[in-house]
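Breakdown of the fold
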Amino acid sequence: MPELSVPELLELDRRHVWHPYGPMPGRVDPLVVESASGVRLRLADGSGELVDGMSSWWSAIHGYNHPVLNEAACGQIGRMSHVMFGGLTHEPAVRLAKRLVDISPDGLEHVFLADSGSVSVEVAVKMCLQYWRSLGRPAKQRLLTWRGGYHGDTWQPMSVCDPEGGMHELWSGVLPRQVFVGPPPAAYEESYAEELRAAIARHADELAAVIVEPVVQGAGGMRFHSPAYLRVLREACDAHDVLLVFDEIATGFGRTGALFAAEHAAVTPDVMCVGKALTGGCLTMAATLCTARVADGISRGEVPVLAHGPTFMGNPLAASVACASIDLLLGQDWLSEVKRIETGLREGLAPALEVPGVKDVRVLGAIGVVQLDHDVDMRAATDAAVREGVWLRPFRDLIYTMPPYVTGDEDVARIARAVCAAAREG
Ligand SMILES: *Cc1c(COP(=O)(O)O)cnc(C)c1O
């Protein structure tokens, strides 16, 4: 097949290719990326490069085309890209599982390697429901969460996404009906903690688990909350026989200034999901970790196995890159890098507060958010960022950034300027 020109490529893209949350045929031309290196995306139309302010949706924490990750991938391709995981095992998966057990909160001991974040949440929910079934309490099958969350696009995860502001309101009435409490306030409020305790107590007989994103709610609204609420959840769940699931798919691997956000509260959940940055953004892989209690409970049941087994479970190529990515992260002073970016974003985003229509500016770890008092004009905001040489992907009323940890100070400043420009134009 001959190489496609950019106009040809865009025409075929529009006609045949779905994009995230996109219409068919496509209505807005995406930018065509030719390659990516470090923190820069090279565009195919010859217009140059953009600094990536998105880390490809939280994942590319080490930037692109990283020699260490490339080497891990190439080495593994030479041995085997994939082999089934039923009846077979291999070093990359075993090493990755051990690595995750070692670095995650104490008590998480067993690892299910899934192929995407949403699937890891499905597995987490299945673990919790099956746990209670095994213990002879099948009525415990609902989930409780707070509003403003996002847990993925497959069925169970959709049911715990924010039912109103979220992207899944279309499906209300079709999805499993879960228990929702109000969104967590940024600061600790005893009245909200009481609300959490009361809701868990009231629904304890039908609740399998509480599932939340700890400390940072991502795609549900880019909101931050006090880690103290995580301890409230832990205590209430323990008191009322409810499992606690942390979805660390966005927050894991240092993004919030702790390796896992659960550490801000020194809380161990019963089940934890990781994904996104797990492979440094190179390949799709996620994992669901659980405690010995959950695994033992499942194993004591009538069906003493976890009935889940994706074709590409434990993919050796992804697992090898994930091991390399974790080693790369832990082999450096990642916390200083995240703090450095935090400082840069605080300084760089402060001027946004003066922009008419800006409602809030907030920064935590390597996450910067500008919230408007109206929905963003996506086209205008994106174009304004591109003019500053930066790739951003705003949504709803939010213009936000979570740069790769390797982003230099000048590029952090440039990203912040682009966010401000997008806020002015959007
Ligand atoms: C992105 C995300 C998911 C879904 O992961 P996918 O790999 O896109 O399926 C789930 N939970 C959270 C918190 C996320 O940020």
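All of the points below concern the structure found in this document. (Residues numbered from 1 in each chain as written. Predicted model: local features only at pLDDT ≥ 70, side-chain atom pairs only at ≥ 80, totals over all residues. Heavy atoms only, no water.)

1. Observations regarding helix 8 (residues 228–239)
- Over its 12 residues, helix 8 runs 17 Å from end to end, which matches the ideal 16 Å to within 8%, given 1.5 Å per residue.
- Three or more residues of helix 8 are buried, namely A228, Y229, L230, V232, L233, R234, A236 and C237.
- Residue D241 follows helix 8 closely and has a positive phi angle near 60 degrees. (Helix = DSSP H or I, 4+ residues; strand = E, 2+ residues; numbered from the N terminus. Expected span 1.5 Å × (residues − 1). Buried < 20%, exposed > 50% of the residue type's maximum accessible area, 1.4 Å probe, protein only.)

2. Re a nonpolar patch on the surface
- Together, W155, L170, W171 and V174 line one region of the surface with nonpolar side chains, adding up to about 420 Å² of accessible area.
- Inspection of the secondary structure puts V174 in the loop between helix 6 (155–160) and strand 6 (179–181). (Patch = residues over 30% accessible without salt bridge, like charges linked within 9 Å, V, L, I, M, F, W, Y side chains within 5 Å. Areas by Shrake-Rupley, 256 points an atom, 1.4 Å probe, with all protein chains shown as cover. Salt bridge = Lys/Arg side-chain N within 4 Å of Asp/Glu carboxyl O.)

3. Quick notes on the site of the ligand
- Inspection of the region around the ligand gives S116, G117, S118, Y150, H151, G152, E213, D247, I249, A250 and K276 as its neighbouring residues.
- Between an oxygen atom of the ligand and a main-chain N or O atom of G117, the distance comes to 2.8 Å.
- In this structure, D247 approaches the ligand through a side-chain N or O atom, which is 2.6 Å from a nitrogen atom.
- Contact with the protein chains hides 83% of the accessible area of the ligand, taken as 380 Å² for the molecule alone.
- Residues belonging to the shell around the ligand are distributed by class as follows: 3 nonpolar, 5 polar and 3 charged. (Near = heavy atom within 4 Å. Polar contact = N/O pair within 3.5 Å; in protein donor to acceptor, adjacent residues only side chain to side chain. Nonpolar A, V, L, I, M, F, W, Y, C, P; charged D, E, K, R; others polar.)

4. A word on the packing of aromatic side chains
- Under the criterion given, the structure shown has 6 aromatic pairs.
- Where Y131 meets W132, the ring centres are 4.8 Å apart and the plane angle is 85 degrees; that geometry is what we call edge-to-face. Just as Y131 is buried, W132 falls in that class too.
- Ring geometry for Y192 and Y229: centres 5.0 Å apart, planes at 75 degrees, overall edge-to-face. Note that Y192 is positioned in helix 7 (residues 190–203) and Y229 in helix 8, a separation of 37 residues in sequence. Of the two residues, Y192 and Y229, both sit in the buried class.
- Put simply, the rings of Y188, Y192 and Y229 touch in pairs and so form one group of aromatic residues.
- When the ring centre of W132 is taken as reference, the NZ or CZ atom of K140 above it lies at 4.5 Å. (Phe/Tyr/Trp six-rings, centres within 6.5 Å; stacked < 30°, edge-to-face > 60°. Lys NZ or Arg CZ within 6 Å of the ring centre and 35° of its normal.)

5. Considering the pattern of salt bridges
- Evaluation of the coordinates by the stated rule reveals 25 salt bridges.
- R15 serves as the salt-bridge partner of E11, at 3.2 Å between the closest nitrogen and oxygen. Residue E11 and its partner R15 are located together in helix 1 (residues 6–16), separated by 4 residues, close to a single helical turn.
- For the salt bridge of R14 with D29, the shortest nitrogen-to-oxygen distance reads 2.6 Å. Taken together, the residues span a long stretch of sequence, with R14 in helix 1 and D29 in the loop between helix 1 and strand 1 (33–37) at a distance of 15 residues.
- Residue R14 is classed as partly exposed on the basis of its relative accessible area of 27%.

6. Here's the deal with the pairing of strand 12 (residues 286–291)
- Across the 6 residues that make up strand 12, a large majority, 6, are buried.
- Residue alternation in strand 12 divides its side chains into two sets, A286, T288 and C290 and A287, L289 and T291, and both sets are buried.
- Sheet topology note: the strand 4 (residues 108–114)/strand 12 ladder contains 6 bridges and is antiparallel. The residue of strand 12 that forms the bridge with H110 is C290.
- Pairing geometry for strand 11 (residues 271–274) and strand 12, over 4 bridges, is antiparallel. By the bridge assignment for strand 12, M272 is matched with L289. (Pairing = 2+ DSSP bridges.)

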